[in-house]
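The residues making up each chain are set out below.
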2 protein chains.
Amino acid sequence: MPPQKDARTKLLDAAMAVIRGKGFAATSVDELCQTAGVTKGAFFHHFRSKEELGVAVAKHFGEMAAGLFATAPYQTMTDPLDRLLAYVDFRTAILAGEIPEYTCLLGTMVQEAYATHPAIRAACEREITGHALTLAPDIAALLARQGRSDIDPAGLALHIQGVLQGAFILAKATGDARVAADSLGHLRRYLTLLFETQPQRKALP
Amino acid sequence: MPPQKDARTKLLDAAMAVIRGKGFAATSVDELCQTAGVTKGAFFHHFRSKEELGVAVAKHFGEMAAGLFATAPYQTMTDPLDRLLAYVDFRTAILAGEIPEYTCLLGTMVQEAYATHPAIRAACEREITGHALTLAPDIAALLARQGRSDIDPAGLALHIQGVLQGAFILAKATGDARVAADSLGHLRRYLTLLFETQPQRKALP
DNA sequence: ACATACATACCAACCAGTCGGTATGTTATC
DNA sequence: GATAACATACCGACTGGTTGGTATGTATGT
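Residues numbered from 1 in each chain as written. Chains lettered and ligands numbered in written order. Predicted model: local features only at pLDDT ≥ 70, side-chain atom pairs only at ≥ 80, totals over all residues. Heavy atoms only, no water.

**Student:** Summarise the packing of aromatic side chains; cite the residues concerned and give the values.
**Tutor:** Residues and elements named next belong to chain A. Scanning the model with the defined rule gives 15 aromatic pairs over all chains in all. By way of ring pairs, the aromatic residues Phe69, Tyr74, Tyr87 and Phe90 are connected into one cluster. Across the ring face of Phe24, the terminal group of Lys50 is positioned such that the distance to the ring centre comes to 4.6 Å. (Phe/Tyr/Trp six-rings, centres within 6.5 Å; stacked < 30°, edge-to-face > 60°. Lys NZ or Arg CZ within 6 Å of the ring centre and 35° of its normal.)

**Student:** Mind laying out the protein's contact with DNA strand C, listing which residues take part and the relevant values?
**Tutor:** Every one of the 15 residues lining DNA strand C counts as a neighbour, but Thr39 and His46 of chain A together with Val29, Lys40 and Lys50 of chain B are closest to it. Sugar and phosphate atoms form 54% of the subset of DNA strand C atoms that lie within 4 Å of the protein. Within the contact set of DNA strand C, a phosphate oxygen lies 2.8 Å away from a backbone nitrogen or oxygen of Val29 of chain B. Within the side chain of Lys40 of chain B, a nitrogen or oxygen atom sits 2.8 Å from a base oxygen of DNA strand C. (Near = heavy atom within 4 Å. Polar contact = N/O pair within 3.5 Å; in protein donor to acceptor, adjacent residues only side chain to side chain.)

**Student:** Which residues make up the side chain of Arg91 of chain A, and what are the values?
**Tutor:** With respect to the secondary-structure elements, Arg91 of chain A resides in helix α5 (residues 80–94). Of the side chains with opposite charge, Asp89 of chain A lies nearest to the buried Arg91 of chain A, which makes no salt bridge, at 11 Å. (Helix = DSSP H or I, 4+ residues; strand = E, 2+ residues; numbered from the N terminus. Buried < 20%, exposed > 50% of the residue type's maximum accessible area, 1.4 Å probe, protein only. Lys, Arg positive; Asp, Glu negative; His and termini not counted. Salt bridge = Lys/Arg side-chain N within 4 Å of Asp/Glu carboxyl O.)

**Student:** Outline helix α1 (residues 7–22) of chain B, listing residues and values.
**Tutor:** All names here are of chain B. An ideal rise of 1.5 Å per residue puts 22 Å on 16 residues; α1 measures up with 22 Å between its terminal C-alpha atoms. Listed in full, the buried residues belonging to α1 are Ala7, Leu11, Leu12, Ala14, Ala15, Met16, Val18, Ile19, Arg20 and Gly21. Where α1 is buried, its residues contact α2 (29–36), α3 (40–46), α4 (50–70), α6 (99–102), α7 (105–113) and α10 (153–174). Just downstream of α1, Gly23 is the residue with a positive phi angle, here 90°. (Expected span 1.5 Å × (residues − 1). Contact = heavy atoms within 4.5 Å.)

**Student:** Can you explain the relation of the copies chain A and chain B? Please cite residues and give values.
**Tutor:** Note on the copies: chain A fits chain B at an RMSD of 0.0 Å, the axial shift is 0.0 Å, and the rotation between them is 180°. Taken together, the rotation and translation relating the two chain copies correspond to the operation of a two-fold axis. If distances are taken from each C-alpha of chain A to the rotation axis, the shortest is found for Gly166 of chain A, at 2.0 Å. When the interface residues of chain A are mapped onto chain B, 98% of them again fall at the interface, so both copies present the same face. (Least-squares fit on C-alpha atoms with pLDDT ≥ 70 in both.)

Next up, the structure:
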């Protein structure tokens, strides 16, 4: 089955790799077809336009990521804080690879396409918030444990995604994944400061 | 004097606005010239290539930002923590405008150009770290005050820039600046948790 | 026979970059 | 102070290659 991928899947996989390396606009349909080993006819058979591929590849990336994190080892942990910190550690560990391997296709695409391709923007929003919301139950449990009703679980989940996106930009700018890892270290410290201290009656910071 | 800007400056100003809206690759030289009200001849008189404009506009943006923050009201504050938090508040306040007005040209450009245009990547790194380092002295003072030698001032300064970049991506993805503001709220809370508590002998998180 | 899944051939628009030319300084020489 | 020599700033038509997209073909499974 592995070598029997159809043209659509091959194009989506190629798009994931190439777009993460050079962005959506700089990636041409021709290059995508060449990388995927199919012809332009196949491309426009499966996607009515380049924009439609952008929407599809966002979904494709979301599904791949969902599978990656759903089967990650830390999911067996029982304590929500352990699991949340293990998520951050897991993302930090992935930084050991090459830039196009660990960066987020959604952040890369939405950055250039948010104004020019509304459909792509919407698709990226869907996948990013969808992934963020997988963290929300644990965060909600932790907030309840600390008696903090001033923080929105979904908001903190999105903040975590934001820090990740920012870390990717730092890595791209410096060419050094350690800068990104250091940033995720600060995120980790924030979460421990929030959740590893005693529950409080009056809301502090 | 305002209407007497030369072609080079007009092109750089136009590039700052247009590239923040649609990215570097999707912006054509022709569109830049049209927006700036100059001809293509003028463009290639001042810049040998589109890439060279990219490098120049990164520097241009850095200088504009430096001016903006150097003259910001909070610079008169005396306490380093007040000043650092006021910086975050200042950046949060700017989010009230339109997306292309408050987002960072450097993050937008380096995201697409880090692999294809090394010179642009280097220019963006220079400007981002340069701006981050303006926060480092206050951060160093605060870390010393807390007796924390386990945190690198420049690293925390870069983390702050990373969170900002991530917040911009969240705003672009959701089309809602409040999501970005909420993320900066978490950054603010992290800084207060770090710096508003009592100095400690043994390093905690 | 008919739809699905591709391949081939092609097109008009657009792209970054070039080139010959002009207008307006600035400097040097006499 | 006049003039020649050169530099800078800018113009806009042009070019060769690339772009996203189309039109039409063919092979295969049902």
